[in-house]
Amino acid sequence: MSLCFLELKNFRSFQHVTINPSPRFNVIYGLNGSGKTTLLEAIYLLSLGRSFRSNSLSNVIKHGENSFQLFSRVEQNGGLVSPLGLEFTASKLSVRFSEERVNRRSDLANYLPSLLITPESKFLLSKGPSYRREFIDWGVFHVEPRFLSVWQRYSRSLKQRNAMLKRREFSELEDDVWVCELVEGATIINGMRNHYLSEMFPLLLCFLHKLLDSDPICMEYFPGWSDGEQNSYQESLVRNRARDIALGYTKDGVHRAELKFKIKGRLIQEFLSSGQLRLVVYSLYLAQLAYYQKHTSIRCTVLIDEFASELDTHHRDRLLSLLADLSAQVYITSTDRNDFSLDNVVEKKTFHVERGCVSEVL
Ligand SMILES: Nc1ncnc2c1ncn2[C@@H]1O[C@H](COP(=O)(O)OP(=O)(O)O)[C@@H](O)[C@H]1O
Ligand SMILES: [Mg+2]
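It should be emphasised that the depicted structure is a prediction, and the values quoted were computed from it without experimental measurement.

Asker: I would appreciate a short explanation of the overall build of the chain in the present structure.
Answerer: The secondary structure content of the chain amounts to ten helices and 15 strands. For a compact globule of 362 residues, the expected C-alpha radius of gyration is about 21 Å, and the chain comes in at 22 Å, within 12% of that figure. Reported as C-alpha extents along the three principal axes, the dimensions of the chain are approximately 70 × 55 × 40 Å. Relative to all contacts within the chain whose residues are 6 or more apart in sequence, the contacts with residues 24 or more apart total 74%.

Listed below in structure tokens is the structure:
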């Protein structure tokens, strides 16, 4: 899927703007504070029903107004164009796709799958494991239709077991039920994640090879229970019951999985420069995109904020040509349109953002 039309009303600094993006490459440039990230935020919101900058959508409404609207047209495979619109008013978000009301974020994510890469994306490697789990689960969610329901069931069981662990009287009989539910869910989720990683990793190596001149990078996946693969999750839960009762929550499980990348036995975040880490992050997203493309026929939307940041011209060019090889619809922001060259890219449009207006540069 790709956007062929986008309209913003009372969205942050924009009162009313419209654009007709290219199905492939879109460059958005303008001075600091002109509204480049806001445009990416609008597309992200259409694709996920939430912002990547504000927890509360009230902050997104243009100052002095009391609602915002986003409207787009999404081109599906085969050329069918469907309207996708969203309104936030009186603290309520309503979304419609093809005239139908959309009630679940997961449905939105399927209508307009998107990947966001910002300067903060390096947290994927440097911050806690939840960032890596989110990365893996994006990949799994978009190719395994069963993943979401299994994950939701696992999360519900986890919540209920944790509530029981907090209660004064512990029931081993009741716990056996939750252990059984957790094990069932964790086995499926762990299997899907393992499968995804084993297929994504060769693609990652390929992109790393093209982008990064370093010693070989190894990937280690930990399923989320301390004894790892040696003991089953069930054994781990039962053996650590007393610990979990003392803690008041379930320590082990797929909700604690971790992914590590190492060079010569050392974590890459302690080894590589900041710019090199950014290249690893790009390689991870490229691998994810390539995997996604291999398994679905749906076009993904890639939002890249401050593309040029921390990258030399040589790596910018390489990245652009790798992105051009994939079939995604790409949006790139930059303060200077001369920060990189799109001479070799055929389908592209450039937009200039200034004082609340967005204009296509021909
Ligand atoms: N709710 C809002 N209402 C009006 N203006 C806003 C709102 N939220 C942010 N802004 C303004 O929007 C401008 C554009 O921000 P941003 O998209 O981050 O710019 P850029 O990415 O081009 O540097 C900023 O100057 C900011 O003050
Ligand atoms: Mg910005």
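Asker: I keep staring at the site of ligand 1 and nothing clicks. Help me out?
Answerer: Around ligand 1, the surrounding shell holds 15 residues, and the nearest of these are Ser13, Gly33, Lys36, Thr37 and Thr38. When grouped by side-chain class, the residues that make up the shell around ligand 1 number two nonpolar, ten polar and three charged.

Asker: Help me understand the packing of helix α4 (residues 129-141) against helix α6 (residues 172-211) in this model?
Answerer: To characterise two packed helices, one gives the angle between the axes of the helices and the distance between these axes. Viewed as axis vectors pointing N to C, α4 and α6 meet at an angle of 90 degrees, and their least axial separation amounts to 10 Å. With respect to their mutual orientation, α4 and α6 come out roughly perpendicular. Note on element contacts: α6 touches α4 through Met192, Arg193, Tyr196, Leu197 and Met200, opposite Ile136, Gly139 and Val140. Looking at the contact of α4 with α6, its residues break down into six nonpolar, one polar and one charged.

Asker: Quick question: what am I supposed to make of the sheet that holds strand β12 (residues 301-304) here?
Answerer: Paired through backbone hydrogen bonds, the strands of a sheet run either parallel or antiparallel to each other. Strands sit in the order β8-β12-β13-β3-β14-β15 across an open sheet of six strands; the sheet is mixed. Bordering the open sheet on either side are β8 (114-117) and β15 (357-361), each of which pairs with just one other strand. Adjacent strand axes in the sheet meet at a mean angle of 20 degrees when their direction is disregarded. Pairing geometry for strand β3 (residues 25-29) and strand β13 (residues 329-334), over five bridges, is parallel. By the bridge assignment, valine 27 is partnered in β13 with isoleucine 332.

Asker: Please clarify how the sheet that holds strand β4 (residues 67-75) should be interpreted in this entry.
Answerer: Taken in spatial order, the six strands make up an open sheet running β2-β1-β4-β5-β6-β7, and their pairing is antiparallel. Where the open sheet ends on each side, the last strands, each with one partner, are β2 (14-19) and β7 (100-102). Strand-to-strand twist across the sheet, computed as the mean angle between neighbouring axes with direction ignored, equals 15 degrees. Where β4 meets strand β5 (residues 81-89), nine bridges bridge the pair, whose relative direction is antiparallel. In the sheet register, serine 72 faces β5, and the bridge partner there is leucine 84. Where helix α1 (residues 36-48) meets the sheet, its contacts fall on β1 (2-11), β2, β4 and β5, and the angle it forms with β1 comes to roughly 110 degrees.

Asker: Can you help me understand α4 in this one?
Answerer: Since the α-helix turns once every 3.6 residues, residues separated by three or four places project in the same direction. With 13 residues, α4 ought to run about 18 Å at 1.5 Å a step, and its terminal C-alpha atoms sit 18 Å apart, in line with that. Elements in contact with the buried residues of α4: α5 (147-166), α6, β10 (258-263) and α9 (274-295).

Asker: I'm lost on unusual backbone geometry in this one. Help?
Answerer: Among all residues save glycine, negative phi is the norm, and among peptide bonds the norm is trans. Phi at asparagine 10 is positive, roughly 50 degrees, even though this residue is not glycine. The residue asparagine 10 is located in strand β1 in this model. Positive phi outside glycine occurs at alanine 90, with the angle close to 50 degrees. Mapping alanine 90 onto the fold places it in the loop between β5 and β6 (92-97). Judged by C-beta crowding, with 6 C-beta atoms within 10 Å, alanine 90 ranks as exposed.

Asker: I tried to follow the nonpolar core on my own but got confused; where do I start?
Answerer: The biggest cluster of nonpolar side chains holds 89 residues, and the ones touching the most others in it are Ala42, Ile43, Val280, Leu289 and Leu303. Ranked by residue count, the leading element in this core is α6, at 13 residues. Beyond its immediate chain neighbours, meaning those up to four positions away, alanine 42 contacts Leu6, Leu8, Phe11 and Leu70.

Asker: What exactly am I supposed to notice about the pairing of β5 here?
Answerer: Two successive antiparallel strands, β4 and β5, enclose a turn made up of five residues, where glycine 78 displays a positive phi of approximately 90 degrees. For β5 and β6, the ladder comprises six bridges, and the chain directions are antiparallel. The partner of leucine 84 across the bridge, within β6, is phenylalanine 97. Counted between consecutive antiparallel strands, the loop separating β5 from β6 contains two residues, among which alanine 90 sits at a positive phi close to 50 degrees.

Asker: Looking at this structure, how should I read the confidence of the model for the chain?
Answerer: Low-pLDDT portions of the prediction should not be read for the details of their coordinates. Across the chain, pLDDT averages 93, with 99% of residues at or above 70. Per-element confidence in the chain ranges from a low mean pLDDT of 85 for helix α2 (residues 105-111) to a high of 98 for β2.

Asker: Quick question: what am I supposed to make of the environment of valine 346 here?
Answerer: In this structure, valine 346 sits in the loop between β13 and β14 (348-354). The class of valine 346 is exposed, set by 9 C-beta atoms lying within 10 Å. Residues valine 346 and alanine 324, spaced 22 residues apart in sequence, show a C-alpha to C-alpha distance of 9.0 Å.

About the cut-offs
- Residues numbered from 1 in each chain as written.
- Chains lettered and ligands numbered in written order.
- Predicted model: local features only at pLDDT ≥ 70, side-chain atom pairs only at ≥ 80, totals over all residues.
- Helix = DSSP H or I, 4+ residues; strand = E, 2+ residues; numbered from the N terminus.
- Rg over C-alpha atoms; globule rule 2.2 N^0.38 Å.
- Contact = placed C-beta atoms within 7 Å.
- Near = placed C-beta within 6 Å.
- Nonpolar A, V, L, I, M, F, W, Y, C, P; charged D, E, K, R; others polar.
- Axes fitted to C-alpha atoms, helices over the stretch in contact; angles between N-to-C directions.
- Parallel < 35°, antiparallel > 145°, perpendicular 65-115°, else oblique.
- Pairing = 2+ DSSP bridges.
- Expected span 1.5 Å × (residues − 1).
- Buried ≥ 20, exposed ≤ 12 C-beta atoms within 10 Å, placed from the backbone.
- Core = buried A, V, L, I, M, F, W, Y, C linked by C-beta atoms within 7 Å.
- pLDDT = per-residue confidence, 0-100.

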